[in-house]
Every structure is written in C-alpha cells, then in structure tokens.
Amino acid sequence: MGKGKIKDLLIASKDQIVNTIIESDNLPTVVEAIADVVVSEGIAEIIGKIVGSCIPQVNGIWLNYKQSRFEASVKDALMVMARRMDMIEANYELLNEEIQEKFRGLYVEWLLDNLEIEKQKEKIPYHVNGFINLMTNDANDNLMLMFFETINQLTQLDIDVLKMYSVEAHDDIYTLCERYKLKIEQIRVIKEKLERLGLIYCKNDEKRDSNIDEIVDYLNKVDKEKRKSKPRDVKLPSIKKPNRSASYAITALGRDYLKVISEQG
C-alpha cells in the first residue's frame, strides 16, 4: 500500500467526502497541522472519516450544541492520533487485509459513535488510545464492542478509582475525595460499580469462597473416614474471618483495561 502526505492522499482519493474536506474552508486547524505527515492510504482513510464526521458540508446540517461538542471531541481525538501517528502506522501495517478493512470502516465508525456521546473531554484520549492499542490481528467485533461499551459506562472518576488499585497508583481514597469533593461512602458506590463490571473484586468474597472450599473439603474427608473400619480424626480447617468493611483489589481484566486506555499501550 502506497504512502504519502495525508492531504495529498485524501485529495487523490475517489471518495467525494474526503475531497470535500480538503476543499472546505472549515478544515480543522489540527488537520492542517498534520496535513504533511507521511502515512499509508489506509491511515489517511481513517483520518479522513474522522475529520469528515464533523464538517457541515458533508453532513448536510448546521452544527447545534451536540455537534459543536462532537467537533471539539474530534479535534481532541485527532490531536491524540497526531502524537501517536508512528504507533498507528506500525500497528496498521501488521494487520491482515480483513482487519485493516475493519479499522478503516466499522471500527472507526464505532469510535466516532463514542466520541459523539462522550460528555467528558478528559476521556477522549481513552477512546482513541483503545482504538490504537487494540489495532492487532486479534481484534474482533466482540472485543471492540466490549471496549467501547465499557468506556461509555465509566466516568473519569470511575477510572481514577480504578487506577487507585494499579501498581503505578499515585492517588489514594483520601486524595480522590478531596479532588472531587466526595465522601468516602460515595467512593464505595463507585467500587461496587467497578466490581459489577469485573474490573475489581472484593477480597471478602475471595475469603468466603476459600472458607467454603475448606469446609467442603473437611466434610468430604470426615465422610471418607467414617466409611473406614478404623476412622481417624480429621483436622479442622483454618477459617479466615472476612473483614467488616469490604476490601478490593484489581482484576486481570482491570489491569488490561488500564493498559488499553493508556498512551503507552
């Protein structure tokens, strides 16, 4: 697949939409800044679709409040992509043709769907980083949908609480409460939400499950000894008492999710 400057590749495209983008007086400043970046045709098509999504001449409608917010989100998304253009190219070149087509078409459309409904500006990089970091031959519809739907359910506060359980955590519950003007009880609700999404787990539940396993094993041993002619005493299991307050830890899924939405990938 050929390479060239983004602007030249879009102008050379047969797609009327990208031609309209380039010829429009409303070409976003951020696109002008990356117009001379050398990329492949596939990446240029992805960029073209993202830019074209917020051009009035393409959509045929005037920008209202939601569309203005969408345009701002698209510009922020493009800024992230501009910073990570080398990574996008490297990931894209390793994709087979079928997955490349998915990322040029369906998956970039899902990204735009997310940008359209996202209300928190600070979350825009997470959407884009996920799109870039998941750009592998292992990508599939279910995986991409799970990522996009999960990020839609999380607020920036939810993500900050999740990060609190990572190895690289910089915050604790008290700094988060101070930053967001919340009470510890309110943070507890967020933890329960993250647990429902499978991103963290309750250590108390782990202890209870362990205790149940110990008891079942003990009863099985007792029953087995009863069947013998000379049964022996079975040692009582060691039962761990759960804490009164719920204690949480991050799951493998939670760690993977933080990695996917990070700029480092």
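Up top you'll find the structure we're talking about.
Here's what I pulled together on the structure shown here.

Thresholds applied
- Residues numbered from 1 in each chain as written.
- Predicted model: local features only at pLDDT ≥ 70, side-chain atom pairs only at ≥ 80, totals over all residues.
- Heavy atoms only, no water.
- Phe/Tyr/Trp six-rings, centres within 6.5 Å; stacked < 30°, edge-to-face > 60°.
- Helix = DSSP H or I, 4+ residues; strand = E, 2+ residues; numbered from the N terminus.
- Polar contact = N/O pair within 3.5 Å; in protein donor to acceptor, adjacent residues only side chain to side chain.
- Salt bridge = Lys/Arg side-chain N within 4 Å of Asp/Glu carboxyl O.
- Buried < 20%, exposed > 50% of the residue type's maximum accessible area, 1.4 Å probe, protein only.
- 1 Å grid on protein atoms, 1.4 Å probe; cavity = no way out; pocket = protein on both sides within 12 Å on 5 of 7 lines; lining within 4 Å.
- Points joined across faces, edges and corners; volume = space filled by probe spheres on them.
- Nonpolar A, V, L, I, M, F, W, Y, C, P; charged D, E, K, R; others polar.

## Quick look at the packing of aromatic side chains
Each aromatic ring pair is described using two quantities: the centre-to-centre distance and the angle formed by the ring planes.
So, step 1. On inspection of all chains with the given rule, the structure shows 5 aromatic pairs.
So, step 2. Clustering of aromatic rings is evident, with ring pairs tying together Phe 103, Tyr 107, Trp 110 and Phe 131.

## Side note on the environment of Asn 140
So, step 1. Relative to the elements of secondary structure, Asn 140 occurs in the loop between helix H10 (124-133) and helix H11 (141-153).
So, step 2. Placed 38 residues apart in sequence, Asn 140 and Lys 102 show a C-alpha to C-alpha distance of 8.7 Å.
So, step 3. At 2.8 Å, the side chain of Asn 140 forms a polar contact with the backbone nitrogen of Leu 143.

## Brief notes about the pattern of salt bridges
So, step 1. Following the criterion strictly, the structure yields 10 salt bridges and no others.
So, step 2. Close ionic contact of Asp 141 with Lys 102 constitutes a salt bridge, the shortest N to O distance being 3.0 Å. One end of the pair, Asp 141, is in helix H11; the other, Lys 102, is in helix H8 (residues 97-104), and 39 residues separate them in sequence.
So, step 3. Judged by relative accessible area, which is 27%, Asp 141 ranks as partly exposed.
So, step 4. A single salt-bridge network, built from bridges that share partners, covers Asp 160, Asp 171 and Arg 179.

## Looking at the layout of surface pockets
So, step 1. Computed from the structure, the second largest pocket encloses a volume of approximately 450 Å³.
So, step 2. Taken together, 19 residues form the lining of the second largest pocket, with Lys 163, Ser 166, Glu 168, Leu 258 and Ser 262 sitting closest to its centre.
So, step 3. Every element with two or more residues in the lining of the second largest pocket is listed here: H10, helix H12 (156-163) and helix H16 (252-260).
So, step 4. Residues of the lining of the second largest pocket, tallied by class, amount to 7 nonpolar, 5 polar and 7 charged.

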